[in-house]
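# Report on the structure
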Amino acid sequence: MDQEVSKTLGELERKLQELERTLTSIDRDAQNPAPAAAPPQAPGPTRLIDEAVVPAAPVEQAPQPPIRQAQRPVVASTSPPQPRTPSADQLLRFRDRLERTASELTREYDELLGRLDLPAVASKPVGPSISFARGAPSLDIVDVQGLSDAAVRAFESDPAGTTAYGTSVGYPRLRAWIADRHQVEPERVLVTNGSMQADAFLFEQLVGAGDEVIVERPTYDRTLLSLKELGAKIHALELEPDGIDTAALIGLLEGTQAVRPQLAHIIPNFQNPAGYTLSLAKRQALLALAAEHNFWVFEDDPYVDLRFNGETLPTMLSMDPQHVVYASSFSKTVCPGIRVGYLVGPAELISAIAKLATNTYISPSMVAQSIVYEFCASGAIDSSIETVKAALAERASTLGRALARELPEAEFVTPEGGYFMWVTLPPGTDVSALHKAAGERGVAFVKGTDFVIDGGENTLRLAYSGVTPEQIDEGVARLAQAYRSL
């Protein structure tokens with residue numbers, strides 16, 4: 001590098017910084033000019049601006065009782081006369097001069113900068129961005145025509161119920177359909193505006209400040225946010241490929257400082273963010289602990305119908321309806337925009353939550369729930385689920401192969417269903433830096449740190465539901481390039 005150019009650039013940068021500070025200061029003074037006939041004030045600290053000395057603005061203070069001043073002899077001043085405070089017009093003219101100087105210096109700076117022998121900046125990849133960040137299906141696997149037909153039937157078959165306020169428990173026909181699907185009474189079902197609303201209602205009903213709650217580590221980021229806002233004391237237990245560490249839970253419940261949880265939040269099937277599934281043995285163990293220590297199991301299960309490999313397991317709700325509150329959603333099987341979810345639990349608890357829902361929004365969306373009912377009752381949901389599962393199976397398999405090929409350092413378990421895969425990179429990997437480097441290459445993902453209270457700096461979540469196999473291959477190749485650039 002040319003030493004003379006480097007030295008000159010350094011001097012110019014310093015001068016430009018001084019000019020910026022000066023111009024900002026002058027702007028303030030020009031906007032607040034000194035009064036034309038200001039009373040004399042005691043001299044105070046001054047601010048130097050190149051060719052003029054401007055007294056600093058006096059600091060405003062609260063009124064104080066008068067203080068008697070000691071009399072001092074008048075001494076003739078031998079110091080040079082102080083310059084008068086410049087007018088606003090003088091300040092503005094001086095500002096113009098500085099702006100012209102700054103402009104000239106900037107042009108000179110740019111010319112000198114062009115003489116430096118700097119390496120070329122890498123260009124961004126050609127092609128559209130690829131997002132592994134969003135847990136949502138791509139449009140090609142949403143049954144748009146089936147939803148359109150269901151909407152027509154909803155308005156034709158039940159225009160009054162579809163367009164009315166309804167009640168907080170939800171659209172009656174859909175409520176009954178859900179109850180039949182889970183083989184419970186309708187009084188045990190509450191239909192909500194998405195499963196997030198169901199989660200929020202349940203947490204608000206059951207969890208107060210200081211209550212102890214068990215969660216998986218990692219877990220859904222918004223679950224952590226909701227519990228923190230309620231003031232819950234959160235105990236995060238490691239999530240293993242077959243589900244939450246139940247041995248660690250026993251230690252927590254039976255240790256010297258035994259924890260008395262109000263509930264345990266569990267995502268049993270194809271967990272978000274990890275993609276893991278709670279084994280049957282661990283389901284049984286968890287329910288036994290809930291019965292012994294008298295806490296609720298919140299079975300948060302929006303991905304249950306999206307199994308594309310392996311054996312279907314019974315819900316914990318069906319295994320122990322007395323200690324389990326169950327939530328699910330149609331966002332993953334119908335479409336995210338429909339915003340319909342639900343809770344199933346003991347009738348007394350559902351009744352209490354229904355009152356909370358009434359005070360929150362009177363009723364959920366009858367239009368959306370009526371459309372979902374028609375979609376489900378017609379059997380369209382079954383064909384929709386099959387379409388989604390086939391696409392997810394291909395995408396999960398493609399993602400696993402691409403990671404093994406392009407990023408062999410990564411550790412992961414290919415899920416048997418759902419939307420997500422959890423990836424662990426070697427210790428010391430800075431996933432925040434990887435996130436930035438991948439973004440520069442047009443690839444998005446969610447950092448693992450978003451799903452834990454602490455740690456997770458070398459982990460990330462990849463959602464494969466919204467990307468095609470071709471996009472997965474290209475996206476993982478770019479991700480591997482970003483990793484190698486660190």
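What counts, and where the lines are drawn
Residues numbered from 1 in each chain as written. Predicted model: local features only at pLDDT ≥ 70, side-chain atom pairs only at ≥ 80, totals over all residues. Heavy atoms only, no water. Helix = DSSP H or I, 4+ residues; strand = E, 2+ residues; numbered from the N terminus. Contact = heavy atoms within 4.5 Å. Areas by Shrake-Rupley, 256 points an atom, 1.4 Å probe, with all protein chains shown as cover. Salt bridge = Lys/Arg side-chain N within 4 Å of Asp/Glu carboxyl O. Buried < 20%, exposed > 50% of the residue type's maximum accessible area, 1.4 Å probe, protein only. Axes fitted to C-alpha atoms, helices over the stretch in contact; angles between N-to-C directions. Parallel < 35°, antiparallel > 145°, perpendicular 65-115°, else oblique. Left-handed = near helix turned anticlockwise from the far one by under 90°. Nonpolar A, V, L, I, M, F, W, Y, C, P; charged D, E, K, R; others polar. Pairing = 2+ DSSP bridges. Core = buried A, V, L, I, M, F, W, Y, C linked by side-chain atoms within 4.5 Å. Phe/Tyr/Trp six-rings, centres within 6.5 Å; stacked < 30°, edge-to-face > 60°.

Here we take up the overall build of the protein. Helix and strand counts for the protein come out as 15 helices and 16 strands. For the protein, the proportion of contacts with a sequence separation of at least 24, taken over those separated by at least 6, is 74%. Of the roughly 25,700 Å² of accessible surface on the protein, a fraction of 52% belongs to carbon and sulfur atoms.

Let us now look at the pattern of salt bridges. Enumeration according to the criterion identifies 15 salt bridges in this entry. Notably, a salt bridge pairs aspartate 140 with arginine 395, separated by 3.2 Å at the nearest N-O pair. Of this pair, aspartate 140 sits in the loop between β3 (130–131) and α3 (144–157) while arginine 395 sits in helix α13 (residues 380–406), placing them 255 residues apart in sequence. Looking at aspartate 140, the relative accessible area reads 54%, which means it is exposed. We classify arginine 395 as buried; its relative accessible area is 3%. For glutamate 238, the salt bridge identified is with arginine 217, shortest N-O distance 2.7 Å. One end of the pair, glutamate 238, is in strand β6 (residues 233–240); the other, arginine 217, is in strand β5 (residues 212–217), and 21 residues separate them in sequence. A network of salt bridges, in which partner residues are shared, links Arg217, Glu238 and Asp454.

One way to put it is that α3 packs onto helix α12 (residues 366–377) with a least axis distance of 8 Å and a crossing angle of 110 degrees. The angle between the axes of α3 and α12 places the two elements in the roughly perpendicular class. Seen along the crossing, α3 lies across α12 with a hand that is right-handed. Across from Gly146, Leu147, Ala150, Ala151, Arg153, Ala154, Phe155 and Ser157 in α3, the residues of α12 making contact are Val367, Ser370, Ile371, Glu374 and Phe375. Of the residues contributing to the contact of α3 with α12, the split by class is 8 nonpolar, 3 polar and 2 charged.

Quick look at the sheet that holds β6 now. Spatially, β4-β11-β10-β9-β8-β5-β6-β7 is the arrangement adopted by the 8 strands of the open sheet, whose pairing is mixed. The open sheet has two free edges, formed respectively by β4 (189–192) and β7 (243–244), since each of these has just one partner strand. Summarising the sheet, β6 and β7 pair through 2 bridges and their orientation is antiparallel. By the bridge assignment for β7, glutamate 240 is matched with glycine 243. Helix-sheet contacts for helix α8 (residues 246–254) involve β5, β6, β7 and β8 (261–266), and the interaxial angle to β6 is about 150 degrees. The strands touched by helix α11 (residues 347–361) within the sheet are β4, β9 (296–300), β10 (324–329) and β11 (341–344), with β4 carrying the most contacts at an inclination of about 25 degrees.

What follows covers unusual backbone geometry. That bond from arginine 217 to proline 218 is cis: its omega, 10 degrees, falls within 30 degrees of zero. By the element assignment, proline 218 lies in the loop between β5 and α7 (221–229). A cis amide bond links asparagine 272 with the next residue in sequence, proline 273, at an omega value of 20 degrees. Position of proline 273 relative to the elements: it lies in the loop between β8 and α9 (280–293). In this structure, glutamine 183 takes a positive phi of about 55 degrees despite not being glycine. Position of glutamine 183 among the secondary structure elements: in the loop between α5 (172–182) and β4.

Taken together, 4 strands build an open sheet; the order of strands is β12-β13-β16-β15 and the sheet is antiparallel. Edge positions in the open sheet fall to β12 (411–412) and β15 (446–447), since each of these has one partner strand only. Inspection of the sheet shows β15 paired to strand β16 (residues 459–463) by 2 bridges, in the antiparallel sense. Across the sheet, valine 446 pairs through a bridge with arginine 461, a residue of β16.

The topology assignment puts serine 384 in helix α13. You can call serine 384 buried: its relative accessible area is 2%. Those residues in contact with serine 384 that sit more than four places away from it in its chain are Asp143, Thr333 and Phe375.

The biggest cluster of nonpolar side chains holds 48 residues, and the ones touching the most others in it are Leu174, Ile178, Val297, Met316, Phe330, Ile338 and Val340. The contact partners of valine 340, leaving out residues within four places of it in the chain, are Leu174, Val191, Thr192, Gly194, Ser329, Phe330, Ser331, Ala368, Gln369 and Val372. Judged by nonpolar contacts, the second largest core, of 38 residues, contains Tyr303, Phe308, Leu434 and Val467.

Scanning the model with the defined rule gives 9 aromatic pairs in all. With centroids separated by 5.6 Å and ring planes inclined at 75 degrees, the aromatic side chains of phenylalanine 201 and tyrosine 361 adopt a geometry described as edge-to-face. Taken as a pair, phenylalanine 201 in helix α6 (residues 195–206) and tyrosine 361 in helix α11 lie far apart in primary sequence, 160 residues in all. For tyrosine 361, a relative accessible area of 16% gives the class buried. Measuring from ring centre to ring centre gives 5.9 Å for phenylalanine 330 and tyrosine 342, while their planes differ by 45 degrees; the resulting arrangement is tilted. Of this pair, phenylalanine 330 sits in the loop between β10 and β11 while tyrosine 342 sits in strand β11, and the two are 12 residues apart along the sequence. Taking the relative accessible area as the measure of exposure, phenylalanine 330 reaches 4% and is therefore buried. In this structure tyrosine 342 comes out as buried when scored by relative accessible area, which is 6%.

To continue, consider the pairing of β16. The element β16 is extensively covered by neighbouring structure, given that 5 of its 5 residues are classed as buried. Sheet analysis places strand β13 (residues 420–424) next to β16, joined by 5 bridges and oriented antiparallel. Each bridged residue has a counterpart across the sheet, and for tryptophan 422 the counterpart in β16 is arginine 461.

Right, let's talk about the side chain of threonine 315 for a bit. Within the secondary structure layout, threonine 315 lies in the loop between β9 and α10 (316–319). On the accessibility criterion, threonine 315 (15% relative accessible area) is buried. If we ignore the near neighbours within four places in the chain, the residues touching threonine 315 are Arg283, Glu299, Asp301 and Tyr326.

Turning next to the environment of serine 432. Tracing the sequence through the fold places serine 432 in helix α14 (residues 431–440). Taking the relative accessible area as the measure of exposure, serine 432 reaches 41% and is therefore partly exposed.

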